[in-house]
Amino acid sequence: MPDNVDASEQMVDNWTKQIQETAARYQAMAARMQGQTVTERSKDNTIEVTIDSKGLLTNLVISEAASGKRMAEVSSQVMRLVQLAQSRIPELLQAAMAETVGTTDETASRVIAEAQSTFPEAPPEEDLAPPEPERHHRFGPEDEEPPPSAQANPPQNPPQPKPIPRRRRTQDDDDDDFGGSILS
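All values derive from a computational prediction rather than experimental measurement. (Residues numbered from 1 in each chain as written. Predicted model: local features only at pLDDT ≥ 70, side-chain atom pairs only at ≥ 80, totals over all residues. Heavy atoms only, no water.)

1. Observations concerning the sheet that holds strand β2 (residues 47-52)
Here is step 1 of the chain: If you trace the 3 strands from one edge of the open sheet to the other, you get β1-β2-β3, paired in antiparallel fashion. Here the strands that pair on one side only, and so sit at the sheet edges, are β1 (37-41) and β3 (57-62). Pairs of neighbouring strands in the sheet enclose a mean axial angle of 10 degrees, with direction left out of account.
Here is step 2 of the chain: Bridge count between β1 and β2: 5 bridges; the pairing is antiparallel. Bridge pairing in β2 places Arg41 opposite Glu48.
Here is step 3 of the chain: Across the sheet, helix α2 (residues 71-86) lies against β1, β2 and β3, angled at about 35 degrees from β2, the strand it touches most. (Pairing = 2+ DSSP bridges. Helix = DSSP H or I, 4+ residues; strand = E, 2+ residues; numbered from the N terminus. Axes fitted to C-alpha atoms, helices over the stretch in contact; angles between N-to-C directions. Contact = heavy atoms within 4.5 Å.)

2. Topic: a nonpolar patch on the surface
Here is step 1 of the chain: A contiguous nonpolar surface patch, about 420 Å² in accessible area, is contributed by Met11, Val12, Trp15 and Ile19.
Here is step 2 of the chain: As for its placement among the helices and strands, Val12 is situated in helix α1 (residues 2-34). (Patch = residues over 30% accessible without salt bridge, like charges linked within 9 Å, V, L, I, M, F, W, Y side chains within 5 Å. Areas by Shrake-Rupley, 256 points an atom, 1.4 Å probe, with all protein chains shown as cover. Salt bridge = Lys/Arg side-chain N within 4 Å of Asp/Glu carboxyl O.)

3. Focus: the nonpolar core
Here is step 1 of the chain: Formed by Tyr26, Met29, Met33, Leu93, Ala96, Met97, Val101, Ala108, Ile112 and Ala115, the largest nonpolar core amounts to 10 residues.
Here is step 2 of the chain: Secondary structure elements with two or more residues in this core: α1, α3 (89-100) and α4 (106-118).
Here is step 3 of the chain: If we ignore the near neighbours within four places in the chain, the residues touching Met97 are Tyr26, Met29, Gly102, Thr103, Ala108, Val111 and Ile112.
Here is step 4 of the chain: Val49, Ala66, Val78 and Val82 belong to the second largest nonpolar core, which has 7 residues in total. (Core = buried A, V, L, I, M, F, W, Y, C linked by side-chain atoms within 4.5 Å. Buried < 20%, exposed > 50% of the residue type's maximum accessible area, 1.4 Å probe, protein only.)

4. Re the pairing of β2
Here is step 1 of the chain: With 5 of its 6 residues buried, β2 lies for the most part within the structure.
Here is step 2 of the chain: A loop of 5 residues connects β1 with β2, the two strands running antiparallel in sequence, and Asn45 in this loop sits at a positive phi of about 60 degrees.
Here is step 3 of the chain: In this antiparallel pair of consecutive strands, β2 and β3, the connection spans 4 residues, and Gly55 shows a positive phi of 90 degrees.

5. A closer look at unusual backbone geometry
Here is step 1 of the chain: One non-glycine residue, Asn45, lies in positive phi territory at about 60 degrees.
Here is step 2 of the chain: Counting through the fold element by element, Asn45 comes out in the loop between β1 and β2.

6. What to know about α4
Here is step 1 of the chain: Taking 1.5 Å of rise per residue, the 13 residues of α4 would be expected to cover 18 Å, and the 18 Å separating its terminal C-alpha atoms lies within 8% of that figure.
Here is step 2 of the chain: Every buried residue of α4 is accounted for by Ala108, Ile112 and Ala115. Looking straight down α4, one finds its buried side chains confined to an arc of 60 degrees; they lie on one side. α4 presents Glu106, Arg110 and Ser117 as exposed residues on the side facing more than 90 degrees away from its buried surface. (Expected span 1.5 Å × (residues − 1). Arc of directions from axis to C-beta.)

Here it is as structure tokens:
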């Protein structure tokens, strides 16, 4: 019976060692991914985005040359570049895994599949319709056109509001609304 106990202890020790080695490799992979960033630039180099390995935007640069573009176009480009950068995360993860833990075990496959579902391929640029120009609809008296007679003869001086007469204070007036004098 002692042989079975020794064999069991050896088997548990081997599992423990294997688990510790695997955990160390995954920690090395996580540390490697921690510092990874992805940067994408627009074709005209007016917009640049950088994301971290979690897919979060860490830097956004919009050059002065973009000031001639419509804001809807700029925001659409920013979002497209973020999606494009995020779509590269599974590829970075797969490279880090290949160098640290390997890509053949089931856990690695699940992690990569999860990253691919979280950060899918960016849609092709042709599929994106250019944003429509902004159209603002205002409702109210300022949108009404003045009558034609008012357009021909605009008023020279707008009428001044009448001053509001001030009420004179009496002896009964206090500085507060509680009644009575504050000096007793």
